[in-house]
Amino acid sequence: MDYTACTLCPRACGVNRSAGRLGFCRMPGRMRVAKVMRHFWEEPVLAGPGGSGAVFFSGCTLGCLYCQNADISFLGRGEETDASALRKMMEALIAQGAENIDLVTPTQFLPEILPALTPELPVPVVYNCGGYESVETLRRLEGRVDIYLPDFKYYDSGLSLRYSGAKDYFQAASKPIPAMIEQTGPPVFDSQGLLKKGVIIRHMVLPGCRKDSSAILNWLCHNLPKDSFLLS
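Residues numbered from 1 in each chain as written. Predicted model: local features only at pLDDT ≥ 70, side-chain atom pairs only at ≥ 80, totals over all residues. Heavy atoms only, no water.

Overview of the pairing of strand β8 (residues 195-201)
Burial within β8 is extensive, with 5 of its 7 residues counted as buried. Here strand β6 (residues 147-150) pairs with β8 via 2 bridges, running parallel. Opposite Tyr148, over in β8, you have Val199 as the bridge partner. Bridge count for strand β7 (residues 188-189) against β8 is 2 bridges, and the pairing is antiparallel. By the bridge assignment for β8, Phe189 is matched with Leu195. Linking β7 to β8, which pair antiparallel, is a turn of 5 residues; within it Gly193 sits at a positive phi near 85 degrees. (Buried < 20%, exposed > 50% of the residue type's maximum accessible area, 1.4 Å probe, protein only. Helix = DSSP H or I, 4+ residues; strand = E, 2+ residues; numbered from the N terminus. Pairing = 2+ DSSP bridges.)

Printed below as a string of structure tokens:
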């Protein structure tokens, strides 16, 4: 897979990952999967009785100091794989009863993930990310992703630089979230109350950062259509 001048995330490092050079995500030009599991503690509208079929990818486009998956995101724990093997992993999760396929921090491997999503899977595909995305990259996902699950972490650039190494976080995240909503439309639920299509925006209030959280909520209320997303 070609990663010769990688611009998949807003950092647009432009490095030749195919030649083994590393950008901010610290991942070479070969997909690496760290864990595959049914995740029963995902958002309740996703997990349901069968759990969310989570595929955790190694590396990350952010550098959050509070990351709960640091061994995966920072240390790169995982095994190299390809699109064919990834497809089998997803099919195995579905056979076990997973309610959806939950792609966790996938952006750095998107070129290899896309082929694994064809043909269409019989359950929703969830794109679970930190919100630090490129609109151009998201366009490649149109028709392939049913549910977006982005974080919306910061309003203040000082906080985003200090805690996640991304001074431009708000400027970057505020663009793809409307694009995600445009792709999926408003939330759609099945008869059991499980989300089948739509966007869930997550926000975690950090200690001492209540004012920043208020700014995020204010932006969401004034810039996104009413009832166009869920907030967690």
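Once the structure has been displayed, the description carries forward.
Thoughts on the nonpolar core
Phe57 and Phe152 are the most contacted members of the largest nonpolar core, which has 58 residues in total. Broken down by element, the residue count for this core peaks at 5 residues, all from helix α3 (residues 83-95). Counting residues in hydrophobic clusters, the runner-up holds 6 residues, among them Val126, Ile147, Leu149 and Ile200. (Core = buried A, V, L, I, M, F, W, Y, C linked by side-chain atoms within 4.5 Å.)

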